[in-house]
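Observations on the three-dimensional arrangement
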Amino acid sequence: MKLLSPLIALFQAVFLILWLVFWITVSGLTALLTLNGEVPLMMARRFWAPMHWRITGSPLLVEPLPDVDWSKPHIFLMNHQSGFDIPVAFAVIPVNIRFIAKHVLKWVPFLGWYMAGTGMIFLNRSNPREAVRGLKLAGERIRAGSNILAFPEGTRSKDGLILPFKKGSFALAVEAGVPIIPIAVEGTREMLPKGSIRLKRHPIRVKVGQPIATAGLKGAARDALVTQVRDIIIQLHRDIGGEGGVPDDATTSGRTKGLNVPDSSGAPA
């Protein structure tokens with residue numbers, strides 16, 4: 001069995017790449033025929049995303065969703081453990097969402113075309129002017145009715161503990177005046193460890209919290225929003241078997257500054 005493990009891992013990785021290309025092609029053609037840019041997002045939520053855990057036989061266990069008016073736009077903030085967090089989020093959240101990604105993904109064949117065509121937000125963290133422009137675009141998309149997914153840690157956790165949060169997505173939520181919905185995920189790190197392509201069978205657990213209002217927040221209340229949301233996600237994480245977060249004093253280290261662009265490889269919405 002040990003001899004077969006590398007071959008199985010290679011097969012799974014190649015299959016998921018082909019699966020990605022297939023659904024990008026199908027959804028792109030469907031969008032052209034229907035003239036509806038929301039269709040590719042819906043197809044990926046329902047068909048593309050679930051294969052990422054089904055291929056290993058891993059169960060996706062989702063706590064009952066809160067009572068939310070899904071017809072209104074929200075910003076979804078989720079802890080970040082693995083490259084599989086993105087497909088998990090798209091399968092769990094019952095509405096089409098767009099996410100904030102590194103600008104380099106725009107140039108990846110198929111994936112970049114899909115992301116650009118479906119209105120994903122690209123941010124260049126090395127260029128503050130372009131980053132601000134990207135956040136303004138995200139605000140415009142939200143005010144137009146889009147839902148945005150972001151990972152406020154800004155990078156994947158190596159040990160599963162929730163890292164300090166950056167402030168970019170919080171400023172975006174307050175500026176747009178839309179609620180934040182906190183989400184905790186546990187198990188994707190064990191299923192796909194950082195820096196590895198070998199998938200493992202492991203339960204994935206998700207819990208979605210109640211919406212947190214941001215409209216009209218100013219001064220100290222605005223600054224306290226970061227701590228409030230992080231504390232809630234840490235509790236949600238513990239509720240589903242996670243270990244919670246790093247000590248609170250780590251939030252003063254400066255990691256809360258800047259933009260929260262996930263470092264995962266990116267995935268279609």
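As shown above, the structure is provided for reference.
If you're wondering where the values come from, they're calculated on a predicted model, not measured in any experiment. (Residues numbered from 1 in each chain as written. Predicted model: local features only at pLDDT ≥ 70, side-chain atom pairs only at ≥ 80, totals over all residues. Heavy atoms only, no water.)

1. So, the pairing of strand 2 (residues 75–78)
Both faces of the sheet carry side chains from a regular strand, because those side chains alternate between them. Operational definition: When accessible area is computed with a 1.4 Å probe and restricted to protein chains, residues below 20% of their type maximum are described as buried, those above 50% as exposed, and intermediate ones as partly exposed. Helix and strand labels come from DSSP, where a helix needs a run of H or I of at least four residues and a strand needs a run of E of at least two; each type is numbered from the N terminus. Strands qualify as paired when DSSP identifies two bridges or more between them.
Burial along strand 2 is two-sided: Ile-75 and Leu-77 and Phe-76 and Met-78, pointing in opposite directions, are all buried. Bridge count for strand 2 against strand 5 (residues 148–150) is three bridges, and the pairing is parallel. Residue pairing in the sheet places Ile-75 in a bridge with Ile-148 of strand 5.

2. What to know about the packing of aromatic side chains
Convention followed: Centres within 6.5 Å make a pair out of two Phe, Tyr or Trp rings, where for Trp the six-membered ring is used; the pair is then stacked when the planes are under 30 degrees apart, edge-to-face when over 60, and tilted otherwise.
Overall, the coordinates contain ten aromatic pairs when judged by the stated rule. The interplanar angle of 75° and the centroid separation of 5.8 Å between the aromatic rings of Trp-19 and Trp-23 together place this pair among those described as edge-to-face. Of this pair, Trp-19 and Trp-23 both sit in helix 1 (residues 5–34), four residues apart, which is roughly one turn of the helix. Its relative accessible area of 19% is what places Trp-19 among the buried residues. An aromatic cluster of at least three residues, connected via ring pairs, comprises Phe-11, Phe-15, Trp-19, Phe-22, Trp-23 and Phe-47.

3. Section: unusual backbone geometry
Even without being glycine, Leu-35 reaches a positive phi, approximately 55°. Its identity as a non-glycine residue notwithstanding, Phe-110 has a phi of 70°, on the positive side. Looking at where Phe-110 falls in the secondary structure, it is placed in the loop between strand 3 (98–102) and helix 5 (111–117). On the basis of relative accessibility, which here comes to 33%, the residue Phe-110 falls in the partly exposed class.

4. Some words on the pattern of salt bridges
Note the following rule: Take a side-chain nitrogen of Lys or Arg and a carboxyl oxygen of Asp or Glu: if they are within 4 Å of each other, that pair is a salt bridge.
Per the stated rule, a full pass over the model turns up four salt bridges. Across the salt bridge formed by Asp-69 and Lys-72, the nearest N and O atoms sit 4.0 Å from each other.

5. Some details on the packing of helix 7 (residues 168–176) against helix 9 (residues 219–239)
Quick note on the threshold: Only the stretch in contact is used when fitting a helix axis, every axis being a line fitted to C-alpha atoms; angles between N-to-C directions are given from 0 to 180 degrees. Angles are sorted into four bins: roughly parallel if under 35 degrees, roughly antiparallel if over 145, roughly perpendicular if 65 to 115, and oblique for all others. Each crossing gets its handedness from the near helix: less than a right angle anticlockwise from the far helix is left-handed, clockwise is right-handed. Residue contacts are counted whenever heavy atoms from the two residues lie within 4.5 Å of one another. Polar here means any residue other than Ala, Val, Leu, Ile, Met, Phe, Trp, Tyr, Cys and Pro, which are nonpolar, and Asp, Glu, Lys and Arg, which are charged; Gly is therefore polar.
Taken N-terminus to C-terminus, the directions of helix 7 and helix 9 make an angle of 120°; their axes are 10 Å apart at the nearest point. By the angle between their directions, the pair helix 7 and helix 9 is classed as oblique. Considering how the two elements wind past one another, helix 7 and helix 9 form a crossing that is right-handed. The segment helix 7 lies against helix 9, with Phe-170, Ala-171 and Val-174 engaging Arg-222, Leu-225, Val-226 and Val-229. Across the contact of helix 7 with helix 9, the residue classes break down as six nonpolar, no polar and one charged.

6. Quick look at the sheet that holds strand 2
With mixed pairing, the seven strands of this open sheet are ordered in space as 1-7-6-2-5-3-4. The strands lining the two open edges of the sheet, one partner per strand, are strand 1 (60–62) and strand 4 (121–123). This sheet shows a mean twist of 25° between the axes of neighbouring strands, independent of strand direction. Where strand 3 meets strand 5, two bridges bridge the pair, whose relative direction is parallel. Bridge pairing links Phe-99 to Leu-149 in strand 5. Of the strands in this sheet, strand 1, strand 2, strand 3, strand 5, strand 6 (180–186) and strand 7 (204–208) are in contact with helix 4 (residues 85–92), which crosses strand 7 at around 55°. Across the sheet, helix 6 (residues 128–143) is in contact with strand 2, strand 4 and strand 5; its angle to strand 4 comes to roughly 165°.

From the geometry alone we can't say anything about function, so treat these as descriptive.
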